[in-house]
Amino acid sequence: MSRFLNARYQPLQAYVPGEQPRDAGWVKLNTNESPYAPAEGVVRAAAEAAAGLNLYSDPTCALLRDALAERYGVKRENICAVNGSDEALNFAFMAFGGRGAVFPDITYGFYPVFCQLHGIPFREIPLKADFSIDPAEYFGVNGLVVIANPNAPTGMALPVAEIERILRGNPDGVVLVDEAYVDFGGESCMPLVEKYENLLVVRTFSKSRSLAGARLGFAVGQKALIDDLEKLRYSTNPYNINSMTLAAGRAALMQDDYYMENCAKIAATREATRDALTALGFDVLPSQGNFLFAAHGCMPGEAVNQALRKRRVLVRHFAKERIAGYNRITIGTPQQMRTLVEALRDIVSEGENP
Ligand code: PMP
């Protein structure tokens, strides 16, 4: 740290993203990316857009927002397009965290970082012993409520009716539903946007639409909420999405069937992997995401993580007491998951017969 850093940011503990190794030969199951390539035409659209890189990108993101509006049955004014959904989260914490924020104790690790960054007081509500969320604990918060649905890293989802109870229980605060993983089996709250002025839904192209490297996300809500986010977007970086990503996103929306088929494949691979891990003695939470959260009673999570790493398989471990036994395992191709399961079979038998 230099002696010039604003005192306000000195205690800030930055978010630590998962590793992105540059060398080949890893089975990479640590950052919840899609194992499948972008749809046909997406890369071409991005390359064509690159020819116009001398000009700024469209700050209104009009064509992309219109395509999203059509896909999700809302209007352009209901959509704020962002540079990865992390950016929508950042704007939302800035915009709606004025009276504090509340989220589960086990959830996306970026939420407390945004709170620290913007000086937002926050409260973490413990998940129940089975890692589920009790909606009643989120009533009467009257600050910003943030729920990842499905939750990460557990993968567990709440039915929309339960989210609706949280919305009704917090008429004076925004309820942000982070639907990064909803396409893999969760139920979306998007249809509730019309009904609730305090609902903000945040989505990403990083997982189900195979565009993690392009950095594209969007928020959906009533016009007044979206206008607030736009105010912050224009006050931060009006050209937040580059021309290639705007074009890639539109091309991706034209091939939605391809992506929805991939999601179904990933969900099927997830269930097969869950059975295989359970047979090896792992406790695996029921997941609606593109990942599993698994612990082995006989081995600490960190030891499993390191043993997998030695076998060139990357998964994610979080150094947090309550979940220290677990690893979050992204669902890859069936072949990648066979490699993972074989590696774990080895590791478990070595652990049991050292
Ligand atoms: N929300 C959740 C719950 C996530 O796990 C992630 C991925 N790290 C994000 C949001 C951010 O995704 P992106 O910025 O790539 O859209």
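Use the structure listed above.
The sections below set out a description of the structure shown in this document. Computed from a predicted structure; not experimentally measured.

## Points about the overall build of the chain
Move 1: Looking only at helices and strands, the chain features ten helices and twelve strands.
Move 2: Taken over C-alpha atoms, the radius of gyration comes to 20 Å for the chain, in line with the 20 Å a tight globule of 354 residues would show.
Move 3: When each of the 354 residues of the chain is scored for burial, the buried share is 53%.
Move 4: At a minimum sequence separation of 6, the contacts of the chain that also span at least 24 residues come to 72%.
Move 5: With an accessible surface of roughly 15,800 Å², the chain has 53% of that area assigned to carbon and sulfur atoms.
Move 6: Put simply, the chain has 36 plus and 40 minus side-chain charges, and the middle of one group is 4 Å from the middle of the other.

## Side note on the site of the ligand
Move 1: Taken together, the neighbourhood of the ligand is formed by G84, S85, D86, Y108, D178, A180, Y181, T204, S206, K207 and R215.
Move 2: One nitrogen or oxygen atom from the side chain of T204 is found 2.6 Å from an oxygen atom belonging to the ligand.
Move 3: Between the ligand and the protein, one listed contact pairs an oxygen atom with a side-chain N or O atom of S206 at 2.6 Å.
Move 4: Coverage of the ligand by the protein chains reaches 91% of its 410 Å² of free accessible surface.
Move 5: In terms of residue class, the shell around the ligand is built from three nonpolar, four polar and four charged.

## Quick word on the pattern of salt bridges
Move 1: Tallied over the full model, the rule gives 20 salt bridges.
Move 2: One salt bridge connects R312 with D23, and the closest N-O pair in it is separated by 3.2 Å. Here the residue R312 occupies a position in the loop between α9 (301-310) and β11 (313-314), and D23 occupies one in the segment before β1 (27-28), the gap between them amounting to 289 residues.
Move 3: Overall, D23 belongs to the partly exposed group, its relative accessible area being 43%.
Move 4: K320 serves as the salt-bridge partner of E124, at 4.0 Å between the closest nitrogen and oxygen. Of this pair, E124 sits in strand β4 (residues 122-125) while K320 sits in the loop between β11 and β12 (326-330), placing them 196 residues apart in sequence.
Move 5: On the accessibility criterion, E124 (35% relative accessible area) is partly exposed.
Move 6: Look at the salt bridges and you will find they share partners, linking R71, R209 and D256 into a network.

## Description of the nonpolar core
For soluble globular proteins, the rule of thumb is that nonpolar side chains tend to be buried together.
Move 1: By size, the foremost hydrophobic cluster in this structure holds 56 residues, and its most contacted members are V42, L68, Y138, L199, F205 and F218.
Move 2: If one sorts the elements of this core by residue count, helix α7 (residues 243-253) sits on top with six residues.
Move 3: Leaving out residues up to four positions away in the same chain, F205 has contacts with L68, S210, L211, A212, L216, G217, F218, G249, A252 and L253.
Move 4: In this structure, I266, L292, A294 and L308 belong to the second largest nonpolar core, which totals 31 residues.

## Some points on the pairing of strand β6 (residues 175-178)
Move 1: Side chains of β6 alternate between two faces, with V175 and V177 and L176 and D178 buried alike.
Move 2: Alignment of strand β5 (residues 144-148) against β6, held across four bridges, turns out to be parallel. When the bridges of β6 are listed, I147 appears paired with V177.
Move 3: You can see the chain leave β5, run along helix α5 (residues 160-169) and come back into β6, and the turn it takes is right-handed.

## Section: the packing of helix α3 (residues 85-96) against helix α6 (residues 223-234)
Move 1: At a closest axis distance of 9 Å, the pairing of α3 and α6 adopts a crossing angle of 105°. Accordingly, the angle class assigned to the pair α3 and α6 is roughly perpendicular. Between α3, through F91, A92, M94, A95 and F96, and α6, the contact on the second element is made entirely by L225, D228, L229, L232 and R233.
Move 2: Of the residues assigned to the contact of α3 with α6, the class counts are eight nonpolar, no polar and two charged.

## A few points about the packing of helix α2 (residues 62-72) against α7
Move 1: The contact between α2 and α7 brings their axes to 9 Å, and the two run at 25°. One finds that α2 runs roughly parallel with respect to α7. In terms of crossing hand, the pair formed by α2 and α7 is left-handed. The segment α2 lies against α7, with L63, L64, A67, L68 and R71 engaging L246, G249, R250 and L253.
Move 2: Each residue belonging to the contact of α2 with α7 can be placed in one class, and the counts come to six nonpolar, one polar and two charged.

## Overview of the sheet that holds β12
Move 1: What the three strands build is an open sheet, ordered β9-β10-β12; its pairing is antiparallel. A single partner strand is all that each edge strand has here, and the edge strands are β9 (282-284) and β12. The average angle at which neighbouring strand axes cross in this sheet is 35°, direction not considered.
Move 2: With three bridges connecting them, β9 and strand β10 (residues 291-296) associate as antiparallel partners. When the sheet's bridge partners are listed, F282 is paired in β10 with H296.
Move 3: Relative to the sheet, helix α8 (residues 256-279) contacts β9, β10 and β12, its axis offset from that of β10 by approximately 5°.

What counts, and where the lines are drawn
Residues numbered from 1 in each chain as written. Predicted model: local features only at pLDDT ≥ 70, side-chain atom pairs only at ≥ 80, totals over all residues. Heavy atoms only, no water. Helix = DSSP H or I, 4+ residues; strand = E, 2+ residues; numbered from the N terminus. Rg over C-alpha atoms; globule rule 2.2 N^0.38 Å. Buried < 20%, exposed > 50% of the residue type's maximum accessible area, 1.4 Å probe, protein only. Contact = heavy atoms within 4.5 Å. Areas by Shrake-Rupley, 256 points an atom, 1.4 Å probe, with all protein chains shown as cover. Lys, Arg positive; Asp, Glu negative; His and termini not counted. Charge placed at Lys NZ, Arg CZ, Asp CG, Glu CD. Near = heavy atom within 4 Å. Polar contact = N/O pair within 3.5 Å; in protein donor to acceptor, adjacent residues only side chain to side chain. Nonpolar A, V, L, I, M, F, W, Y, C, P; charged D, E, K, R; others polar. Salt bridge = Lys/Arg side-chain N within 4 Å of Asp/Glu carboxyl O. Core = buried A, V, L, I, M, F, W, Y, C linked by side-chain atoms within 4.5 Å. Pairing = 2+ DSSP bridges. Right-handed = clockwise from strand over helix to strand, strands pointing away. Axes fitted to C-alpha atoms, helices over the stretch in contact; angles between N-to-C directions. Parallel < 35°, antiparallel > 145°, perpendicular 65-115°, else oblique. Left-handed = near helix turned anticlockwise from the far one by under 90°.

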